[in-house]
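# Structural description and commentary
One-letter residues, chain by chain:
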Amino acid sequence: MWRARPAAVCVVCQSLANSSYGIKGKSPLQKLQLVSRSIHHPHYTRSKFQRPPLRTSIQQFSSLNRLPLRKTKLLSVKYGYLSHRNFWVARLASRLLKLRYLVLGSAVGGGYTAKKTYDQWKEMLPDLSDYKWIVPDFIWELDEHIDLEKLSKALPDAEDLAKLLPDFDKIGESLSSLKGFFSPGSQGETAFRATDQGYENDKQYKKGLLGELILLQQQIQQHEEEARRAAGQYNTGSSQQKRKVSDKEKIDQLQEELLHTQLKYQRILERLEKENKELRKLVLQKDDKGIHQRKLKKSLIDMYSEVLDILSDYDASYNTQDHLPRVVVVGDQSAGKTSVLEMIAQARIFPRGSGEMMTRSPVKVTLSEGPHHVALFKDSSREFDLTKEEDLAALRNEIEIRMRKSVKKGCTVSAETISLNVKGPGLQRMVLVDLPGVISTVTSGMAPDTKDTIFSISKAYMQNPNAIILCIQDGSVDAERSIVTDLVSQMDPHGKRTIFVLTKVDLAEKNVASPNRIQQIIEGKLFPMKALGYFAVVTGKGNNAESIESIKDYEEEFFQNSKLLKTCMLKAHQVTTRNLSLAVSDCFWKMVRESVEQQADAFKATRFNLETEWKNNYPQLRELDRNELFEKAKNEILDEVISLSQVTPKHWEEILQKTLWERVSTHVIENIYLPAAQTTNSGTFNTTVDIKLKQWTDKQLPNKAVEVAWETLQEEFSHFMTEKKGKEHDDIFDKLKQAVKEESIKRHKWNERAEDSLRVIQHNALEDRSISDKQQWDAAIHFMEDTLQSRLKDTESVIEDMVGPDWKKRWLYWVGRTKEQNIRNETKNELEKMIKCNEDHAAYLANDEVTTVRKNLEAKGVAVDPCLIKDTWHQVYRRHFLRTALSHCNLCRRGFYYYQRHFVDSELECNDVVLFWRIQRMLAITANTLRQQLTNTEVRRLEKNVKEVLEDFAEDSDKKVKLLTGKRVQLAEDLKKVREIQEKLEAFIEALHQEK
């Protein structure tokens, strides 16, 4: 066996086996001279050849390098058969035994070295034990609570998921066949220059099916350039007619192949898009089923839309403008901008009209992905199913109603934004704002400032340096009639954020005499306006009843047969609303990523400034915004209303009785007591009193009592509302409390049946004349004395004003009487003489008595008018009567005994005391009845009214702004808004970085 291949030994093995040369170093190969014979080297043939002697030095290498190796010489080996064949079996066995020990030692040394290397590598690793807190504890316990095996079995198999995916093998074959039409060349011009830089940074993603599609698109663009150059060569040549014919045929063939390839490429894209849409819909539906089991995470576009909503309110309140990106859709009236927006949203969601203005206020539409195609407003929970025609009609009607409500009286358009969210599978995520169409002339029915208002609204949105302007131009009208292009070029002169869209291209192709004009528009050569990209779309045949699917089919069919594409005037990537929406979405998110962090930093600095200002001005107060202040005031008001129900019954009755007597005392004295006191006997007195009291009770008294009760309730309520509570009182709530009090009192109505029941009670109380004990008699006398003294004091004050100061005041205060006061004083003195002569004089002067007084005064040289005499007599007699009644009341203090005997055998008559007792008792019973009605009914109704008023005020933001004012409130509002905006922006930025 060892002699079989003597010539197959390589040069290296021969040099190792040469016995005439030693080996420098220590090597385990010193015993392998026989084994080297069996190694096959393919670089050498099996023929015998003469090997030159090679002197070499073997480098020491061993896994047992730590063990000393013994130097030795290799045995000399001769090629061919061994010369010494004696005892070859013994020699072979001894060498094999030595080889076994060598291999064993090498294995032990190698294992030791590997272990040491592993230990060194392990020591180099950082200690991660301190970072275990990053992973929540429940993650380590998931296997205890969740059956992972059962969960894995519940998931669909890979085969089921593979059925949902598109057939990439077939698509790859189709792409391979398409790639055969073209040779690789230079990269073509991109359709959208704004996103070209972003695409250059993403070349590493051009792999697989998407990479094939992008490569195919580049080849299509290259082929377009070749066809265009061939067409140019064809047009420049004029001398060779035969060659022209062949070149023309070649150009036509190239154009046909190009169009065919473009259409095929478009179909592949649509097929992939459709399959992707269905797959995403299934995934979203599956994810939607688990919403009730976990907390739903907001999408990125929804978070961004919330930030824009808050900023919209902030900008409107403080007359500022943020710089966050939006897609602003502007265009002339009836240019088709709303239709373009509907095609992007894939639903006919906006009101429709024939030539009239339909968009009367900005509409912010947030597009996002979802399992179902639905729409909902920001301030409403109702979802409109966009797949149902009745929901679409209801949505359009709701948008129109909101627009008309936002328009103020005397105006045509409004700057108030309507926020709408549209979700559906396959929608491009972005935020678009549809603005009212720009007009050139104000027509009848419009406000005179409509044109200027639309311009100011459009400029306010377009002046945002990060807003993407989607300029819509009607292709069916002359380009010179456009107004919006000049407006857009003013706001974005360099076209760094403008996308131009030409609508109604189907009508333009039919009506325009020179199709090259459309090509000039799309290439940006006709308008002075510059743009990032140019697109041509078709948004239907002009029928409002068309569905989105039918419009898509019509648009695709039109561009397939359009001469604009066949003659290369338009490129495939510049047509259809689908390509437009993709381009707008890419540009939108690129702008968002570039600007959102800068905006967050700006609001962070604003927040710092506001917090510093608050600490300097209000260091001991909490930062309460308007809503929080309203809630605090609401609680205080409700506490005060509750305090109103805790007023004691005694307090209510005392106030009611006192107030009611003040209100009716004049009527009782002037119309009941004085006329009855003029009678000659007690029977006539009592009859007159009964008649007067009955008339008073039937007509006036119940109404007066209810008025007094209502006014008393108002006064007590106002007292609690306006009462200052020491240091805790906050005057910032005064206007709000006053408004709540007035509105609550205005809404409160007393129970109408209260007067009827009260009339019966008062009538029964006044009919009772029986005084049961001496205590009641004394109380009636005291009540009568207080009333008469109060009236006497008032009467004397009136007389003093009529006649002027007496001699004491004239001497002490150096004041005098006027001429009229002197006349009245003389008249008073003359009338007092008459009363002294007849103390039982009637209440009225006879005509002859007036003449006598006048003549007596004329005899003294005082000319006086009869009316003045009667007027003075009224006050003089009133004073005389009250003094007489007080003296009579003093005599009746001991008259209770005679009263019990009905004044038999007594000259003393105290019927007036009985009258005042009846009045006093009626007042007490009325006060008690009103108190019961107040505490049982009216206070609760007032509390209910207060709550309703507070609820209405809470929903009326304008009311709160009007009633809660001041620097402190404004600063807290600014601080709250800025904090909310900053937090929302930071959350959005974090989610944006995670999506990257």
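Residues numbered from 1 in each chain as written. Predicted model: local features only at pLDDT ≥ 70, side-chain atom pairs only at ≥ 80, totals over all residues. Heavy atoms only, no water.

A word on the overall build of the protein chain. Counting its regular elements, the protein chain contains 35 helices and nine strands. For the protein chain, buried positions account for 41% of its 996 residues. When contacts within the protein chain are restricted to residue pairs at least 6 apart in sequence, those whose partners lie at least 24 apart make up 81%. When the accessible surface of the protein chain is totalled, it reaches about 57700 Å², and 51% of it is carbon and sulfur. (Helix = DSSP H or I, 4+ residues; strand = E, 2+ residues; numbered from the N terminus. Buried < 20%, exposed > 50% of the residue type's maximum accessible area, 1.4 Å probe, protein only. Contact = heavy atoms within 4.5 Å. Areas by Shrake-Rupley, 256 points an atom, 1.4 Å probe, with all protein chains shown as cover.)

Averaged over the protein chain, the pLDDT score is 75; the fraction of residues at 70 or greater is 68%. Low pLDDT, under 50, characterises residues 1-85; the stretch is placed with 95 contacts to residues that sit more than four places away or in other chains. The low-confidence segment residues 236-240, where pLDDT is below 50, has two contacts with residues more than four positions distant or belonging to other chains. (pLDDT = per-residue confidence, 0-100.)

The next thing to look at is the pattern of salt bridges. Tallied over the entire structure, the rule returns 38 salt bridges. The shortest N-O distance in the salt bridge between arginine 626 and glutamate 973 comes to 3.8 Å. Separated by 347 residues along the polypeptide, arginine 626 in helix 21 (residues 626-644) and glutamate 973 in helix 35 (residues 967-995) bring together distant segments of the chain. Aspartate 756 serves as the salt-bridge partner of arginine 759, at 3.3 Å between the closest nitrogen and oxygen. Taken together, the positions of arginine 759 and aspartate 756, both in helix 26 (residues 754-767) and three residues apart, correspond to about one turn of that helix. The partly exposed category is assigned to arginine 759, whose relative accessible area is 24%. Among the residues examined, aspartate 756 registers a relative accessible area of 47% and is labelled partly exposed. One salt-bridge network, in which partners are shared between bridges, spans Arg607, Glu611, Glu623 and Arg979. (Salt bridge = Lys/Arg side-chain N within 4 Å of Asp/Glu carboxyl O.)

Inspection of the secondary structure puts glutamine 776 in helix 27 (residues 774-803). Placed 144 residues apart in sequence, glutamine 776 and glutamine 920 show a C-alpha to C-alpha distance of 9.9 Å. Residue contacts for glutamine 776: discarding those within four places in its chain leaves Ile771 and Trp917.

Further remarks concern the pairing of strand 3 (residues 374-377). Side-chain alternation along strand 3 places Val374 and Leu376 on one buried face and Ala375 and Phe377 on a second face that is also buried. Taken together, strand 3 and the strand that follows it, strand 4 (residues 384-385), pair antiparallel across an intervening segment of six residues. As judged from the four bridges shared by strand 3 and strand 5 (residues 418-423), these two strands associate in the antiparallel manner. Paired with alanine 375 across the bridge in strand 5 is valine 422. (Pairing = 2+ DSSP bridges.)

Looking now at the pairing of strand 2 (residues 363-368). Most of strand 2 is tucked away, with six of its six residues classed as buried. Side-chain alternation along strand 2 places Val363, Val365 and Leu367 on one buried face and Lys364, Thr366 and Ser368 on a second face that is also buried. Sheet analysis places strand 2 next to strand 5, joined by six bridges and oriented parallel. Bridge pairing links threonine 366 to asparagine 421 in strand 5. Pairing analysis gives five bridges linking strand 2 to strand 6 (residues 430-434), with the strands arranged antiparallel.

What follows is about a nonpolar patch on the surface. Nonpolar side chains collect at one region of the surface, where Leu812, Tyr813 and Val815 lie side by side and expose about 350 Å² of accessible area between them. The residue tyrosine 813 is located in helix 28 (residues 807-813) in this model. (Patch = residues over 30% accessible without salt bridge, like charges linked within 9 Å, V, L, I, M, F, W, Y side chains within 5 Å.)

Moving on: the side chain of threonine 576. In this fold, threonine 576 is placed in the loop between helix 19 (563-566) and helix 20 (577-617). With relative accessibility at 14%, the residue threonine 576 sits in the buried group. Non-local contacts of threonine 576, meaning those with residues more than four positions away in its chain, are made with Ala536, Val537, Glu555 and Phe559.

Looking now at the environment of leucine 674. Its location among the elements puts leucine 674 in helix 22 (residues 649-677). Leucine 674 sits 15 residues away from valine 689 along the chain, and the two C-alpha atoms are 10.0 Å apart. If we ignore the near neighbours within four places in the chain, the residues touching leucine 674 are Ile669, Arg878 and Phe881.

The subject of this paragraph is helix 13 (residues 389-406). Over its 18 residues, helix 13 extends 26 Å from the first C-alpha to the last, a length consistent with the 26 Å expected when each residue adds 1.5 Å. Every buried residue belonging to helix 13 is among Asp391, Leu392, Leu395, Arg396, Ile399, Met403 and Ser406, and all of these are buried. Seen end-on, helix 13 carries its buried residues on one side only, within an arc spanning 140 degrees. Seen from the buried face of helix 13, the exposed residues on the opposite side, beyond 90 degrees, are Glu390 and Lys405. Buried residues in helix 13 make contact with strand 2, strand 3, strand 4 and strand 5. (Expected span 1.5 Å × (residues − 1). Arc of directions from axis to C-beta.)

Turning to the UniProt feature "coiled-coil region" (unreviewed entry) in the protein chain, a few remarks are in order. Taking the numbering used here, the UniProt-annotated feature "coiled-coil region" (unreviewed entry) corresponds to residues 932-959. Between the C-alpha atoms that bound residues 932-959 the distance is 36 Å, and the span itself is 96% helix and 0% strand. (UniProt positions renumbered as here; feature names shortened; annotations may be inferred.)

Note on terminology: disulfide describes a covalent bond linking the sulfur atoms of two cysteines. Considering all chains together, one arrives at one disulfide under this definition. Sulfur-sulfur distance for the disulfide between cysteine 892 and cysteine 910 comes to 2.1 Å. Negative torsions about the S-S bond denote left-handed disulfides, and the value of about -100 degrees found for cysteine 892 with cysteine 910 makes this one left-handed. In this pair, cysteine 892 is assigned in the loop between helix 31 (866-891) and helix 32 (896-900) and cysteine 910 in the loop between helix 32 and helix 33 (911-955), connecting sequence segments 18 residues apart. A relative accessible area of 0% means that cysteine 892 is categorised as buried. (Disulfide = S-S within 2.5 Å.)

At glutamine 346, a position not held by glycine, the phi torsion is positive, near 60 degrees. Along the chain, glutamine 346 turns up in the loop between helix 12 (337-345) and strand 2. The backbone of threonine 576 sits at a positive phi, close to 75 degrees, despite the residue not being glycine.

Let us now look at a negative patch on the surface. On the surface, a cluster of negative charge is made up of Glu948, Glu951, Glu955, Asp956 and Asp958. With three residues, helix 33 is the single largest residue contributor to the negative patch. Along the chain, glutamate 951 turns up in helix 33. (Lys, Arg positive; Asp, Glu negative; His and termini not counted. Charge placed at Lys NZ, Arg CZ, Asp CG, Glu CD.)

Its place among the elements puts glutamine 821 in helix 29 (residues 819-837). Residue classification places glutamine 821 among the buried positions, given a relative accessible area of 17%. One polar contact links the side chain of glutamine 821 to the main-chain amide nitrogen of threonine 818, over a distance of 3.1 Å. (Polar contact = N/O pair within 3.5 Å; in protein donor to acceptor, adjacent residues only side chain to side chain.)

The mixed open sheet is built from nine strands, whose spatial order is 4-3-5-2-6-1-7-8-9. A single partner strand is all that each edge strand has here, and the edge strands are strand 4 and strand 9 (533-536). Pairing geometry for strand 8 (residues 498-503) and strand 9, over four bridges, is parallel. Following the sheet pairing, isoleucine 499 is matched in strand 9 by glycine 533.

As for its placement among the helices and strands, glutamate 990 is situated in helix 35. Here glutamate 990 falls in the partly exposed class, since its relative accessible area comes to 48%. The spatial distance from the C-alpha of glutamate 990 to the C-alpha of leucine 300 is 10.0 Å, given a sequence separation of 690 residues.

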